[in-house]
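A closer look at the structure
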Amino acid sequence: MKAKLTFFVTLMVSLTLCVVVISMVGVLMIGLFDEKVDNSEIFKLISPAFQTIVGGFIGLLAGVKLSHDDEETK
């Protein structure tokens, strides 16, 4: 039961991370080709948000996997 729950949480986090990254890249591409938007302002806004979201999700995935691996070795 615990292995299924860990797999489900890992799968949901991975899918959410994929959706967020694809959405942010899409918004970035739309902004790059819009004549009214200054490209340097887009990079100032997107970079910290992108790093925070990706770092948080990767940390969560690593924590789930490490805690699951520790329980299997006991």
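Refer to the structure above for everything that follows.
Residues numbered from 1 in each chain as written. Predicted model: local features only at pLDDT ≥ 70, side-chain atom pairs only at ≥ 80, totals over all residues. Heavy atoms only, no water.

Time to look at the overall build of the protein chain. Counting its regular elements, the protein chain contains two helices and zero strands. If one aligns the C-alpha atoms of the protein chain with their principal axes, the spans along those axes are about 60 × 15 × 10 Å. Every one of the 74 residues in the protein chain was classed for burial, and the buried ones make up 18%. In the protein chain, of all internal contacts separated by at least 6 residues, the share reaching a separation of at least 24 is 71%. Treating the 6 positive side-chain charges of the protein chain as one cloud and the 8 negative ones as another, the clouds have centres 9 Å apart. (Helix = DSSP H or I, 4+ residues; strand = E, 2+ residues; numbered from the N terminus. Buried < 20%, exposed > 50% of the residue type's maximum accessible area, 1.4 Å probe, protein only. Contact = heavy atoms within 4.5 Å. Lys, Arg positive; Asp, Glu negative; His and termini not counted. Charge placed at Lys NZ, Arg CZ, Asp CG, Glu CD.)

This brings us to a nonpolar patch on the surface. There is a patch of nonpolar side chains on the surface, built from Leu5, Phe7, Phe8, Val9, Leu11, Met12 and Leu15 and spanning about 670 Å² of accessible area. Locating Leu11 in the fold gives a position in helix 1 (residues 2-33). (Patch = residues over 30% accessible without salt bridge, like charges linked within 9 Å, V, L, I, M, F, W, Y side chains within 5 Å. Areas by Shrake-Rupley, 256 points an atom, 1.4 Å probe, with all protein chains shown as cover. Salt bridge = Lys/Arg side-chain N within 4 Å of Asp/Glu carboxyl O.)

A word on the environment of Lys65. Among the secondary structure elements, Lys65 is positioned in helix 2 (residues 39-73). The exposure class assigned to Lys65 is partly exposed, which follows from its relative accessible area of 42%. Note: C-alpha distance between Lys65 and Phe7 (58 residues apart in sequence) is 9.1 Å.

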